[in-house]
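# Remarks on the overall topology
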Amino acid sequence: MTSVKPLRQITLHQLKVFEAAARHCSFTRAAEELFLTQPTISMQVKQLTQAVGLPLFEQVGKRLYLTDAGRELYKTCREVFDQLSRFEMTIADMQGLKQGKLRLCVITTAKYVVPRLLAPFCQRYPGVDVALQVTNHEGVADRMTENLDDLYIVSQPPDHPEIELYAFIENPLVVIAPRNHPLVGQKQIPLQRLSEESFIMREPGSGTRKTVQELFDKNDIAIRVRLEIGSNEAIKQAIAGGMGISVLSLHSLTLEGTFSQVAILDVEKFPIARQWYVIYSAGKQLSTIARTFLEYLQTEGREIADATSLLKLLNATSGD
Ligand code: PGA
C-alpha cells in the first residue's frame, strides 16, 4: 500500500524556487530571477521532489515540462503566495500603513505614461514597492490567466464578462513616416495610398497590429510588410532609418519633441481612436494598495497623464 508522505518538511523557500522554475519551465531563468545559482535551484527542487515523493518535472529533449504532480503543486504554490500576500496587506492595513507590493502589467504603449504616474504615488506611499511588467496584449492576457499581477492596462480588453474595467485615457493610433517622406504635410491622404509604401509591422500578439490589420482588411487594402519588429522604439528607429512607414500609438512619440526624425501623416480614417483601460479579473480581491492605486489612476493619475497634451504633441511632430 502506498502511503501519503507528510509534507511538513517543505519550506516556503523551496516553494518559491519551485514556483519560479515551474513558471519559466527553466531552472536557468528561475536562477536569474531569484539571484541564485542553478545548482541551488536544482538542489531545492530535488529536496522538494523527495518530500513530495513524485517527480515534479520531466525533461523531453531539451525542454522541461511539469508532471501532473508538478502542475498540482504549481497551482497550490500560486494559491499559497496569493494568500500570503493578502495576509501581508491585511497586517499592513491593521498597522495603518500602506506598504507592500503593487504588481502592474501594462501593454507596450502604456510604458510611456505609467512610470511617470508612479513617482508621485510612490512618494506618497514610501512603503510601496512596484513591479511593472511591460508586454503586448497576448502577454497581458497570459499573465492575467495566471493571476500574476494586481492590475493591468490594455487598450483591447479580453472579451469575457468576468472582468472589471475602468476607462483610463485616450490612446490614438497614428501613421508615422520619416520626416523627409514626400507625404509629410499632405492633407487627408487616401488610405489606399498606403499600399504603395513599405510597412513596418508589430509582432503577432500585438494589439496595435491587430487593429491595423483589421482596418486594412475591412477596406480591402493589401499592405506590403517589409519588416516585423516587436518593439515600438525599434519601429521608430527603422522609420527614421528609411525602412518604411508604420502605425503606432501617439504615446510612443511622447519624448520625441520638435527634433524628431519621424512625422505623423494625415491619412483618412486616422487617428484611430482608442483608449486605455485598467482591468482586473472580477473574482480578484484587490489588495489595499492596488485599490488605492486604481483610485489614484482615475483621479490624479488621469490629470497628470492629460497634462501631456496630445494635440500639442501632434503639432510638434507633424512638421508644421
Ligand atoms: P500592443 O498594445 O503592445 O499589444 O500592440 C499597444 C496598444 O494597444 O497601445
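Structure report, in brief. Source: prediction; values computed, not measured. (Residues numbered from 1 in each chain as written. Predicted model: local features only at pLDDT ≥ 70, side-chain atom pairs only at ≥ 80, totals over all residues. Heavy atoms only, no water.)

### What about the sheet that holds strand β6 (residues 163–170)?
Hydrogen bonds along the backbone pair up the strands of a sheet, which may run parallel or antiparallel. Pairing within the open sheet is mixed, and its five strands lie in the order β4-β3-β5-β12-β6. Lying at the two open borders of the sheet, with one neighbouring strand each, are β4 (128–135) and β6. Neighbour-to-neighbour, the strand axes of this sheet turn through a mean angle of 20 degrees, independent of strand direction. Pairing geometry for β6 and strand β12 (residues 275–281), over six bridges, is antiparallel. Residue Tyr166 lies in a different strand from β12, and its bridge partner there is Val278. Docked against the sheet, helix α9 (residues 288–307) engages β3 (100–107), β4, β5 (151–154), β6 and β12, running at close to 20 degrees with respect to β6. (Pairing = 2+ DSSP bridges. Helix = DSSP H or I, 4+ residues; strand = E, 2+ residues; numbered from the N terminus. Axes fitted to C-alpha atoms, helices over the stretch in contact; angles between N-to-C directions. Contact = heavy atoms within 4.5 Å.)

### Notes on the pairing of strand β2 (residues 63–66)
Along β2, the buried face is formed by Leu64 and Leu66; none of Arg63 and Tyr65, which line the opposite face, is buried. The hairpin formed by strand β1 (residues 57–60) and β2 contains two residues between the paired strands, and Gly61 there has a positive phi angle of roughly 60 degrees. (Buried < 20%, exposed > 50% of the residue type's maximum accessible area, 1.4 Å probe, protein only.)

### Details of the pairing of β4
Here eight bridges tie β3 to β4, and the two strands are oriented parallel to one another. Each residue of the ladder has a partner; that of Leu104, found in β4, is Leu132.

### Section: a nonpolar patch on the surface
Nonpolar side chains collect at one region of the surface, where Leu12, Leu84, Phe87 and Ile91 lie side by side and expose about 350 Å² of accessible area between them. Looking at which element gives the most residues to the nonpolar patch, the answer is helix α4 (residues 68–94), with three residues. Structurally, Leu12 can be placed in helix α1 (residues 12–24). (Patch = residues over 30% accessible without salt bridge, like charges linked within 9 Å, V, L, I, M, F, W, Y side chains within 5 Å. Areas by Shrake-Rupley, 256 points an atom, 1.4 Å probe, with all protein chains shown as cover. Salt bridge = Lys/Arg side-chain N within 4 Å of Asp/Glu carboxyl O.)

### Things to note about the pattern of salt bridges
Inspection of every chain in the model, using the stated rule, returns 12 salt bridges. Residue Arg86 pairs with Asp82 through a salt bridge whose shortest N-O separation is 3.0 Å. Of this pair, Arg86 and Asp82 both sit in helix α4, four residues apart, which is roughly one turn of that helix. Residue class for Arg86 comes out partly exposed when judged on its relative accessible area of 27%.

### Some details on the packing of helix α5 (residues 114–124) against α9
Viewed as axis vectors pointing N to C, α5 and α9 meet at an angle of 130 degrees, and their least axial separation amounts to 10 Å. When the axes of α5 and α9 are compared, the pair comes out oblique. Handedness of the crossing formed by α5 with α9: right-handed. Residues Leu117, Leu118, Pro120, Phe121 and Arg124 of α5 lie in contact with α9, whose contacting residues are Ile289, Thr292, Phe293, Tyr296, Leu297, Glu300, Gly301, Ile304 and Ala305. (Parallel < 35°, antiparallel > 145°, perpendicular 65-115°, else oblique. Left-handed = near helix turned anticlockwise from the far one by under 90°.)

### As for the state of the cysteines
Counted by the stated rule, this structure contains zero disulfides. The cysteine Cys25 is free of any disulfide, with Cys77 supplying the nearest cysteine sulfur at 13 Å. Cys25 sits in the partly exposed class, given a relative accessible area of 28%. Residue class for Cys77 comes out buried when judged on its relative accessible area of 1%. (Disulfide = S-S within 2.5 Å.)

Remember, this is a structural readout, not a statement about activity or role.
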